[in-house]
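Structural overview
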Amino acid sequence: DAMVIQNPRYQVTQFGKPVTLSCSQTLNHNVMYWYQQKSSQAPKLLFHYYDKDFNNEADTPDNFQSRRPNTSFCFLDIRSPGLGDAAMYLCATSRITDTQYFGPGTRLTVL
Amino acid sequence: KQEVTQIPAALSVPEGENLVLNCSFTDSAIYNLQWFRQDPGKGLTSLLLIQSSQREQTSGRLNASLDKSSGRSTLYIAASQPGDSATYLCAVRRVTSGSRLTFGEGTQLTVNP
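Here's a quick rundown of the structure. (Residues numbered from 1 in each chain as written. Chains lettered and ligands numbered in written order. Predicted model: local features only at pLDDT ≥ 70, side-chain atom pairs only at ≥ 80, totals over all residues. Heavy atoms only, no water.)

1. Some remarks on the environment of A:A42
Filter applied, for reference: Numbering goes from the N terminus for both helices and strands, where a helix is a DSSP run of H or I of at least four residues and a strand is a run of E of at least two. Throughout, exposure labels follow a simple rule: accessible area from a 1.4 Å probe, protein chains only, divided by the maximum for the residue type, with under 20% read as buried, over 50% as exposed, and the rest as partly exposed. In this analysis, two residues are considered to be in contact whenever any of their non-hydrogen atoms come within 4.5 Å of each other.
The residue A:A42 is located in the loop between β4 (31-37) and β5 (44-50) in this model. What makes A:A42 buried here is its relative accessible area of 12%. In this structure, A:A42 is in contact with A:Q36, A:Q37, B:F103, B:G104 and B:E105, ignoring residues within four places of it in sequence.

Set out below in structure tokens:
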């Protein structure tokens, strides 16, 4: 009965090679979020969707893009990964200001 | 700008001890506050959500309190167990930030058998 699913769980890419991470949810929540979390740090919000409305954080690099083709799915695209983009990427969902539910995360390694 | 602080950064206790984790925030205009648990290399698990109008929430051995006016929340864990070892994060949702959460840096808890 997984609620927020992320694929893949581990992703290895080469420096500069585009990569896409995916997130799906079975909760029918209208808000979906992408966070970046580096070791021993708090999650950092990259952007979120309120339904189809995209909300980018001011300090999110242009290298990071997102798509939400329908309520259930959301994708994170990293156009040209650098070594500094190696991190855990977390997807979360909520109903507006209600509880946020997180997926298990995708660990990205950049070689 | 909302700042969220968690003290201590790390805590080690013997099994069976009752313990309190602290969270403070600078902007009291919040919708709610959420406590999470994170195991190494895993995602965040929601423990409790406490609304701004509430004083406390309980789930099993966990009790979260909220004093909005003083900008403080505590997470009380009763009769700690080794399985409680994890990083505990608090996050607040500001009235002016919509659905966004602002996270603290977390408290790393170790419960020793």
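After presenting the structure, the write-up continues.
2. What to know about the nonpolar core
The criterion, for reference: Take the buried Ala, Val, Leu, Ile, Met, Phe, Trp, Tyr and Cys residues and link them wherever side-chain atoms come within 4.5 Å; each set so joined is a nonpolar core.
By size, the foremost hydrophobic cluster in this structure holds 23 residues, and its most contacted members are B:L33, B:W35, B:L75, B:I77 and B:Y88. Counting only elements with at least two residues in this core, the list comes to β3 (19-25), β4 (30-38), β5 (44-51), β7 (62-67), β8 (72-77), β9 (86-94) and β11 (107-112) of chain B. Excluding residues within four positions of it along the chain, B:Y88 makes contact with B:Q6, B:L21, B:F36, B:R37, B:L47, B:L75, B:I77, B:G106, B:T107 and B:L109. Counting residues in each nonpolar core, the second largest holds 19 residues, with A:V4, A:L21, A:C23 and A:W34 among its members.

3. So, the side chain of A:S24
One can find A:S24 in strand β3 (residues 19-25). Beyond its immediate stretch of four places on either side in the chain, A:S24 contacts A:M3, A:V4, A:I5, A:S72 and A:F73.

4. A short note on the interface of chain A and chain B
Where we set the bar: A simple way to read buried area is as the amount of 1.4 Å-probe accessible surface that goes missing from two parts once joined, with both sides added. What counts as a salt bridge is simple: a side-chain nitrogen of Lys or Arg found within 4 Å of a carboxyl oxygen of Asp or Glu.
Between chain A and chain B, the residue contacts involve 25 residues of the former and 20 residues of the latter. For the pair chain A and chain B, the summed buried surface comes to about 1600 Å²; carbon and sulfur atoms form 53% of the total. Run the count over chain A and chain B and you get 1 salt bridge. With a shortest N-O distance of 2.7 Å, B:R100 and A:E57 are connected by a salt bridge. Secondary-structure elements contributing two or more residues to the side of chain A that touches chain B are β4, β5 and β9 (87-94) of chain A. Looking at the side of chain A that touches chain B element by element, the count peaks at 4 residues for β4(A).

5. As for the layout of surface pockets
Residue and element names in this part refer to chain A. Selection criterion: Grid points spaced at 1 Å and placed over the protein atoms alone form the basis of the search, with a cavity being a set where a 1.4 Å probe fits but cannot get out and a pocket an open set showing protein on both sides within 12 Å along at least five of seven lines. Lining residues have an atom within 4 Å of a point. Grid points are joined across faces, edges and corners, and a volume is the space filled by probe spheres set on the points. Each residue receives one of three labels: charged for Asp, Glu, Lys and Arg, nonpolar for Ala, Val, Leu, Ile, Met, Phe, Trp, Tyr, Cys and Pro, and polar for the others, Gly being one of them.
The calculated volume of the largest pocket comes to roughly 600 Å³. Of all the elements, β4 adds the most residues to the lining of the largest pocket, at 3 residues. Across the lining of the largest pocket, the residue classes break down as 7 nonpolar, 6 polar and 9 charged. Quantified by volume, the second largest pocket comes out at close to 480 Å³.

6. Describing unusual backbone geometry
Of the consecutive residues A:N7 and A:P8, the connecting peptide bond is found in the cis state with omega at -10°. Residue B:P8 is bonded to the preceding B:I7 through a cis peptide linkage, with omega at 0°. Phi angles above zero are rare outside glycine, and A:S40 is one such case at about 60°. You can see A:S40 is positioned in the loop between β4 and β5.

7. As for the sheet that holds β8(B)
Residues and elements named next belong to chain B. Our working definition: If DSSP finds at least two bridges between two strands, the strands pair. Only C-alpha atoms enter the line fits that serve as axes; for helices the fit covers just the stretch in contact. Angles between N-to-C directions range over 0 to 180 degrees.
An order of β1-β3-β8-β7-β6 is seen for the 5 strands of this open sheet, with the pairing classed as antiparallel. Edge strands, defined here as strands with exactly one partner in the open sheet, are β1 (4-7) and β6 (56-59). Strand-to-strand, the axes of this sheet are offset by a mean angle of 15°, without reference to chain direction. As paired elements, β3 and β8 share 6 bridges and run antiparallel to each other. Pairing of L21 across the sheet is with L75, part of β8.

8. Regarding the packing of aromatic side chains
What counts, and what does not: Two rings from Phe, Tyr or Trp (for Trp, the six-membered ring) form a pair when their centres are within 6.5 Å of each other. A pair whose planes differ by under 30 degrees is stacked, one over 60 is edge-to-face, and the rest are tilted.
Tallied over the entire structure, the rule returns 10 aromatic pairs over all chains. Relative to B:F36, the ring of A:F102 has its centre 5.4 Å away and its plane inclined at 85°; by these criteria the two rings are edge-to-face. Of this pair, A:F102 sits in strand β10 (residues 101-102) while B:F36 sits in strand β4, each in a different chain. On the basis of relative accessibility, which here comes to 10%, the residue A:F102 falls in the buried class. With relative accessibility at 0%, the residue B:F36 sits in the buried group. In this structure an aromatic cluster arises from ring pairing among A:Y33, A:Y35, A:F102, B:F36 and B:F103.

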